[in-house]
Amino acid sequence: MADNTVMERLVSLCKRRGYIFAGSEIYGGLKGTWDYGPLGVELLRNIKNAWWHDNVTTREDIVGLDSSILMARTVWQASGHESNFTDPLIDCKCCKERFRADQIMESQCPRKPSKHPGEHHECQLTEARKFNLMFKTFVGPVEEDAQMVYLRPETAQGIFVNFKNVCDSTRIKIPFGIAQIGKSFRNEITPKQFIFRSREFEQMEIEFFCKPETSQEWYARWRDARFKWYQDLGLKGSNLRLREHGKEELSFYSCGTSDVEYMFPWGWGELEGIAHRGDYDLKQHQQFSGKDLTYFDDETKERFLPHVIEPSAGATRSVLAFLCEAFAEDQAPNEKGVMETRTVLRLHPRLAPVKAAIFPLVKKEGMPERSMAIYKDLQKHFPVFYDEKGAVGRRYRRQDEAGTPFCLTIDGQTATDQTVTIRDRDSMKQERVTTDKVLGYLLERLKS
Ligand code: ATP
């Protein structure tokens, strides 16, 4: 879908169906913040759960962590964020807007007619200066410099500072990884493209520690595995690519970085970066903390600083990619058999917020009671939704828009032969299944 209104229609669907709302909306909104509604919170959680299941629960070589959002200021001095985590900022002295110097051609001057900053004769752009993206706050009751801390701009440093704790408290041996999911905060100069670039967002990060001589091999393995993860969850074909950074894009310590990128309606955007960081981070924290962060290998009796491969993904940014990929408009017959446009979210069954909706065809002849019994039974296994209001065709449409993969209808025949119809969201085909087989039927299809 290449037309420019796709994002508008998707944003409107997200609000209408309770996926995503603007933060602090009733007070006019707070730029760069978003709230996840009843369906959005399930989608976001399903993405995080899929990531945790596939990278932590089902692997022997990765353990989890949940570190603090507030961390000592020295953490960010050691990591280099305090001096280098900046974007080039330009002010306009006339309209008082601020722009990223490297994104002038993608930015709009607020004056009409719409032009790029600097193109109206009243524009007075300053020279670019470094703007640090970390949010500051204070610990304790005194707001003075000594008490100043940052909200973390990434979850990764929480992992590095706990490397020794994890080694000492578990029996895990190199090669191994530490995984963390959590909120990160960046005071982005221009938050934009819906939830793509926000000021508060969630990340899913792994630091994978290995011997220096095996690091290239692990880098290649992680790069390929992470690319495949998105494909397996439905981001297929030409909308997804793996892009190796050129030498000029690499940080001075990095031996290689690849980005998993998705073709959003406005163009390519990064979903995840997989970076070979060498021993940079542990070395920095060792130097700044004065603590020995080397690893002792029992077998070879060697002591060394491990090398690190870092797959760093955005959970909330992935929400947007999965929604963009799922958003479709096709033709379907309405109640009278006339074809009309249907909006549907073709989310992967693992990610869909509600797995099945249960409808009595009419509100009589025992159909609501039989439907409720099935609903209560399925509810023990996964999120389901019960709806008895309005024409069944319209109930299907609501669930199509919500991304629900299956709709069950309990009708007159159910009382006589114990079967219900199960309608597939994507093909719109219906099958009759006996009630005792419904759970197995759904479970089989939900894990695919
Ligand atoms: P970008 O170049 O888009 O700003 P980045 O290279 O700075 O991203 P990283 O620091 O590598 O991003 O962060 C890892 C991941 O965290 C990104 O791939 C992205 O999915 C997510 N992420 C980073 N910044 C934001 C943001 N402002 N809003 C939402 N997600 C973000």
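Relevant structure appears above.
In this convention, every chain numbers its residues from 1, walking through the sequence in written order. Predicted model: local features are reported for residues with pLDDT of at least 70 only, side-chain atom pairs are reported and counted for 80 or more only, and whole-chain, interface and lining totals are derived from all residues. Only heavy atoms go into the side-chain values, all of them from the structure, while hydrogens and water stay out.

1. Focus: the pattern of salt bridges
Inference 1: One speaks of a salt bridge when a side-chain nitrogen belonging to Lys or Arg is within 4 Å of a carboxyl oxygen belonging to Asp or Glu. Applying the stated criterion to the full structure yields 43 salt bridges.
Inference 2: Among the salt bridges present, the one from Arg9 reaches Glu329, with a minimum N-O distance of 2.4 Å. Of this pair, Arg9 sits in helix H1 (residues 6-16) while Glu329 sits in strand E18 (residues 327-333), placing them 320 residues apart in sequence.
Inference 3: Take Glu329: its relative accessible area is 33%, and that puts it in the partly exposed class.
Inference 4: Residue Arg243 is joined to Glu261 by a salt bridge in which the shortest nitrogen-to-oxygen separation is 2.9 Å. Taken together, the residues span a long stretch of sequence, with Arg243 in strand E12 (residues 240-244) and Glu261 in strand E13 (residues 256-264) at a distance of 18 residues.
Inference 5: Working definition: with a 1.4 Å probe on protein chains only, accessible area under 20% of the residue-type maximum means buried, over 50% means exposed, and in between means partly exposed. Overall, the relative accessible area of 24% leaves Arg243 in the partly exposed class.
Inference 6: Residue class for Glu261 comes out buried when judged on its relative accessible area of 7%.
Inference 7: Within this structure, Asp330, Glu340, Arg342, Arg346, Arg397, Asp400, Arg423, Arg425 and Asp426 form a network of salt bridges that share partners. Only DSSP runs of H or I reaching four residues or more are called helices, and only runs of E reaching two or more are called strands; each is numbered from the N terminus.

2. Quick look at unusual backbone geometry
Inference 1: Of the consecutive residues Lys112 and Pro113, the connecting peptide bond is found in the cis state with omega at -5°.
Inference 2: Along the polypeptide, Pro113 turns up in the loop between strand E6 (98-100) and strand E7 (129-132).
Inference 3: Following Ile174, the chain continues to Pro175 via a peptide bond in cis, the omega torsion being 5°.
Inference 4: Residue placement: Pro175 occurs in the loop between helix H6 (163-169) and strand E10 (176-185).
Inference 5: One non-glycine residue with positive phi stands out, namely Ser24, at about 50°.
Inference 6: On the secondary structure map, Ser24 appears in the loop between strand E1 (20-22) and strand E2 (34-36).
Inference 7: The phi dihedral of Met428 falls on the positive side, at around 60°, and the residue is not glycine.
Inference 8: With respect to the helices and strands, Met428 occurs in the loop between strand E23 (419-424) and strand E24 (430-434).
Inference 9: Residue classification places Met428 among the partly exposed residues on the basis of a relative accessible area of 24%.

3. Some points on the sheet that holds strand E11 (residues 200-210)
Inference 1: Taken together, the seven strands give an open sheet; going across it, the order is E3-E10-E11-E17-E14-E13-E12, and neighbouring strands pair in mixed fashion. The strands lining the two open edges of the sheet, one partner per strand, are strand E3 (62-65) and E12. Each neighbouring strand pair of the sheet contributes to a mean axis angle of 20°, computed without reference to strand direction.
Inference 2: In this sheet, E11 lies alongside E10 in antiparallel orientation, the contact comprising 10 bridges. By the bridge assignment for E11, Ile181 is matched with Met204. Pairing between strands is defined by DSSP: at least two bridges between the two strands are required. Every axis in this analysis is a line fitted to C-alpha atoms, fitted for helices over the stretch in contact. Angles between the N-to-C directions lie between 0 and 180 degrees.

4. A short note on the pairing of E10
Inference 1: E10 sits mainly inside the fold: nine of its 10 residues count as buried.
Inference 2: Across four bridges, E3 lies against E10 in parallel orientation. Note on E10: the bridge partner recorded for Leu65 is Gln180.

5. Considering helix H9 (residues 315-326)
Inference 1: Take the residue count of a helix, subtract one, and multiply by 1.5 Å to get its expected span. In this model H9 runs 16 Å from its N-terminal to its C-terminal C-alpha over 12 residues, within 8% of the 16 Å that 1.5 Å per residue would give.
Inference 2: Counting buried residues along H9, 11 of its 12 residues qualify, which places the element largely inside the surrounding structure.

6. Let's talk about the site of the ligand
Inference 1: Nearness is judged by heavy atoms alone; a residue qualifies as near a molecule or strand once a single heavy atom is within 4 Å of it. The ligand sits among 13 residues. The nearest are Glu188, Arg197, Ser198, Glu270 and Leu271.
Inference 2: Side-chain atoms alone can form a polar contact between residues adjacent in sequence; in general such a contact is a pair of N or O atoms within 3.5 Å, and within protein one must be able to donate a hydrogen while the other accepts it. Within the backbone of Gly314, an N or O atom sits 3.1 Å from an oxygen atom of the ligand.
Inference 3: Taking 590 Å² as the accessible area of the ligand by itself, protein coverage stands at 80%.
Inference 4: Counting only elements with at least two residues in the shell around the ligand, the list comes to E11, strand E14 (267-278) and strand E17 (307-314).
Inference 5: At three residues, the largest contribution of residues to the shell around the ligand is made by E14. For accessible areas, the Shrake-Rupley method is used with a probe of radius 1.4 Å. Any residue's cover is judged against the shown protein chains and nothing else.

7. A word on the pairing of E17
Inference 1: For E17, the tally of buried residues reaches eight of eight residues, placing the bulk of the element in the interior.
Inference 2: In terms of strand pairing, E11 meets E17 through six bridges, oriented antiparallel. Residue pairing in the sheet places Phe209 in a bridge with Val308 of E17.
Inference 3: Note that E14 and E17 share six bridges and pair antiparallel. Paired with Gly273 across the two strands is Ser312, which belongs to E17.

8. Observations regarding the sheet that holds strand E4 (residues 70-71)
Inference 1: Ordered in space as E4-E9-E8, the three strands form an open sheet in which the pairing is antiparallel. Looking at strand neighbours, the two that pair on one side only are E4 and strand E8 (136-138), the edges of this open sheet.
Inference 2: Relative to strand E9 (residues 148-151), E8 is paired through three bridges, and the arrangement is antiparallel. Paired with Phe138 across the two strands is Met148, which belongs to E9.

9. A closer look at the layout of surface pockets
Inference 1: Buried and open spaces are told apart on a 1 Å grid over the protein atoms alone, a cavity being a set of points where a 1.4 Å probe fits but cannot get out and a pocket being an open set with protein on both sides within 12 Å along at least five of seven lines. Residues with an atom within 4 Å of a point are the lining residues. Grid points are joined across faces, edges and corners, and a volume is the space filled by probe spheres set on the points. Approximately 380 Å³ is the volume found for the second largest pocket.
Inference 2: As for the second largest pocket, its lining consists of 17 residues, of which Lys31, Glu97, Arg98, Ile189 and Thr190 are closest to the centre.
Inference 3: For this classification, Asp, Glu, Lys and Arg are treated as charged, while Ala, Val, Leu, Ile, Met, Phe, Trp, Tyr, Cys and Pro are nonpolar and the rest, including Gly, are polar. In terms of residue class, the lining of the second largest pocket is built from six nonpolar, four polar and seven charged.

10. As for the packing of H1 against H9
Inference 1: Between H1 and H9, the least distance of the axes is 11 Å, while the angle of their chain directions is 110°. Judged by the angle between their axes, H1 and H9 are roughly perpendicular. Only Leu320, Leu323 and Cys324 of H9 make contact with H1, whose side of the interface consists of Met7, Leu10 and Cys14.
Inference 2: A per-class count over the contact of H1 with H9 returns six nonpolar, no polar and no charged. Roughly parallel refers to an angle under 35 degrees, roughly antiparallel to one over 145, roughly perpendicular to one between 65 and 115, and oblique to any angle outside these ranges. Two residues form a contact once any of their heavy atoms are found within 4.5 Å.

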